[in-house]
Amino acid sequence: MQIIEISPFQAFRRSVTTVMQVVPKELRYVAILTLLGGAGPAIAIWLNKTIIDEITRLLSTGTTQNAIALILSQPLLLSSLAGSLLVNLVSDAIANINSFVYTSLRVGVARRRHRSCFVATVSSRITHT
């Protein structure tokens, strides 16, 4: 078996092609989950900004008596608080699911690589005998 010299770009292209052929479903899941996971921090920052703006607006009115009732009477503030909690929970869940998908992606590629190495070894033994 001859060793061939290839550039890093060619090696990257070959490895991506192999992954796309071996485990296309897992690769699709990884892409979707990565996009969803990447949107989480941006949404969380926007919701936190909204929460800070609403609290600042409420404090600028000078009314601090019965603060809980004041907060509960602000629908934008309440929805931003709920959204912030929901985004954090969903982001953590996506991160956990993503780790499982990465593992199955790695296992699928490793199986394929092991199988192709086995076939190459058996083929070379058959041709040499």
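Read on for a plain summary of the structure.

Basis of the calculations
Residues numbered from 1 in each chain as written. Predicted model: local features only at pLDDT ≥ 70, side-chain atom pairs only at ≥ 80, totals over all residues. Heavy atoms only, no water. Helix = DSSP H or I, 4+ residues; strand = E, 2+ residues; numbered from the N terminus. Buried < 20%, exposed > 50% of the residue type's maximum accessible area, 1.4 Å probe, protein only. Contact = heavy atoms within 4.5 Å. Areas by Shrake-Rupley, 256 points an atom, 1.4 Å probe, with all protein chains shown as cover. Salt bridge = Lys/Arg side-chain N within 4 Å of Asp/Glu carboxyl O. Core = buried A, V, L, I, M, F, W, Y, C linked by side-chain atoms within 4.5 Å. Polar contact = N/O pair within 3.5 Å; in protein donor to acceptor, adjacent residues only side chain to side chain. Expected span 1.5 Å × (residues − 1).

**Description of the overall build of the protein**
Then, in step 1: Secondary structure assignment for the protein yields four helices and zero strands.
Then, in step 2: Start at the N end of the protein and walk to the C end: the helices and strands fall as α-α-α-α.
Then, in step 3: Burial status across the protein gives 17% buried among its 129 residues.
Then, in step 4: By sequence separation, contacts in the protein at least 24 residues apart represent 72% of the contacts at least 6 residues apart.
Then, in step 5: In the structure as shown, the protein presents an accessible area of about 10,100 Å², 68% of it carried by carbon and sulfur atoms.

**Remarks on the pattern of salt bridges**
Then, in step 1: Within the structure shown, the criterion is met by two salt bridges.
Then, in step 2: The shortest N-O distance in the salt bridge between D53 and K49 comes to 2.5 Å. Note that D53 and K49 are positioned in helix α2 (residues 24-60) at a spacing of four residues, about one turn of the helix.
Then, in step 3: On the basis of relative accessibility, which here comes to 38%, the residue D53 falls in the partly exposed class.
Then, in step 4: Given a relative accessible area of 48%, K49 falls into the partly exposed group.

**Topic: the nonpolar core**
Then, in step 1: Residues V19, V23, V30, L33, I94, V101 and L105 constitute the largest nonpolar core, which totals seven residues.
Then, in step 2: Residue contacts for V30: discarding those within four places in its chain leaves N98, V101, Y102 and L105.

**A few points about the environment of S80**
Then, in step 1: Among the structural elements, S80 can be located in helix α4 (residues 75-128).
Then, in step 2: On the accessibility criterion, S80 (3% relative accessible area) is buried.
Then, in step 3: For the pair S80 and T50, spaced 30 residues apart in sequence, the C-alpha to C-alpha distance is 6.7 Å.
Then, in step 4: Those residues in contact with S80, other than ones at most four positions away along the chain, are L47, T50 and I51.
Then, in step 5: A polar atom in the side chain of S80 sits 2.9 Å from the backbone oxygen of L76.

**Focus: α2**
Then, in step 1: The end-to-end C-alpha separation of α2 is 55 Å, in line with the 54 Å expected for 37 residues at 1.5 Å each.
Then, in step 2: Buried residues of α2: V30, L33, G40, A44, L47, T50, I51, E54 and L58, and no others.
Then, in step 3: Phi turns positive one or two residues past the end of α2, at G62, with a value near 85°.

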